[in-house]
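Below are the chains, spelled out letter by letter.
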Amino acid sequence: MKTIHTPSSRFKSILRDMEVAGRAGWRLARSGARTLSRMPWPVLLVAAVALAALLTIVPLVLGLFIALLVLKFVAGIVFNRGPRDIEVYKPHDPQSQG
C-alpha cells in the first residue's frame, strides 16, 4: 500500500530535519568553543592570522582573476581579434629533402 504524503507530513519531516541539523550545529559550536578555550595563545594567534589571510586573499585573487578575464574578453571584442591558432612546431628534417 502506498503512503500518501500530505503537506502537513512533509512540513513535519522538514521540521525534524531542521531540528537534527540544529542539534548537530550546536554540538559543532560547543566542540569548537572547547577547542578554542584549550589552545595556547601563540597557536590561537597563528590560527587567527591564517584565517584572516585566507578570508582576505582568496576573494581578492578570485575577484582579480574574474576582472582580468572580463577585461580580456572585452578587449578581444573591441579590437576585433579572436583567439590565435596554435602553430605546431615541425622540426626541419634534412633526410626528407632528398
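Keep in mind that what you see is a predicted model, and the values were worked out from it rather than measured.

Calculation rules
Position labels on residues start from 1 in each chain and follow its written sequence. Per-residue local features of the predicted model are confined to residues with pLDDT of at least 70, and side-chain atom pairs are confined, for both listing and counting, to 80 or more; whole-chain, interface and lining totals are unaffected and use all residues. Here the side-chain values reflect all heavy atoms present in the structure, with hydrogen atoms and water set aside. Secondary structure elements are defined from DSSP: runs of H or I of at least 4 residues count as helices, runs of E of at least 2 residues count as strands, and each element is numbered from the N terminus. Partly exposed describes any residue whose relative accessible area lies between the buried limit of under 20% and the exposed limit of over 50%, with all areas from a 1.4 Å probe on protein chains only and scaled to the type maximum. Per-residue and other accessible areas were derived by the Shrake-Rupley procedure at a 1.4 Å probe size, with only the shown protein chains allowed to occlude residues. Counted as salt bridges are all cases of a side-chain nitrogen of Lys or Arg within 4 Å of a carboxyl oxygen of Asp or Glu. A helix is expected to span 1.5 Å multiplied by its residue count minus one. Residues form patches when they are more than 30% accessible in relative terms and have no salt bridge. Like charges link within 9 Å. Nonpolar side chains (Val, Leu, Ile, Met, Phe, Trp, Tyr) link within 5 Å.

I keep staring at the overall build of the protein and nothing clicks. Help me out?
When helices and strands are counted, the protein shows two helices and zero strands. Residue burial in the protein is summarised as follows: out of 98 residues, 0% are buried. Total accessible area on the protein is roughly 9900 Å²; 70% of this is exposed by carbon and sulfur atoms.

Please clarify how the pattern of salt bridges should be interpreted in this entry.
Pairs may arise between side chains of opposite charge once their charged atoms sit close together. In this structure the tally under the stated criterion is one salt bridge. The partner of Arg-23 in a salt bridge is Glu-19, and the shortest N-O contact between them spans 2.3 Å. With Arg-23 and Glu-19 both in helix α1 (residues 7–38) and four residues apart, the pair spans about one turn of that helix. On the accessibility criterion, Arg-23 (46% relative accessible area) is partly exposed. What makes Glu-19 partly exposed here is its relative accessible area of 45%.

Explain helix α2 (residues 41–78) here, please?
Along an α-helix, a turn takes 3.6 residues, which lines up residues three or four apart on a common side. Helix length check: α2 (38 residues) gives 55 Å between terminal C-alpha atoms against 56 Å at 1.5 Å per residue, within 8%. Two residues or fewer past α2, Asn-80 is found with a positive phi of approximately 55°.

It is not clear to me how a nonpolar patch on the surface should be interpreted in this structure. Could you clarify?
Residues Phe-65, Ile-66, Leu-69, Val-70, Phe-73, Val-74, Val-78 and Phe-79 make up a contiguous nonpolar surface patch of roughly 830 Å² in combined accessible area. Mapping Val-70 onto the fold places it in helix α2.

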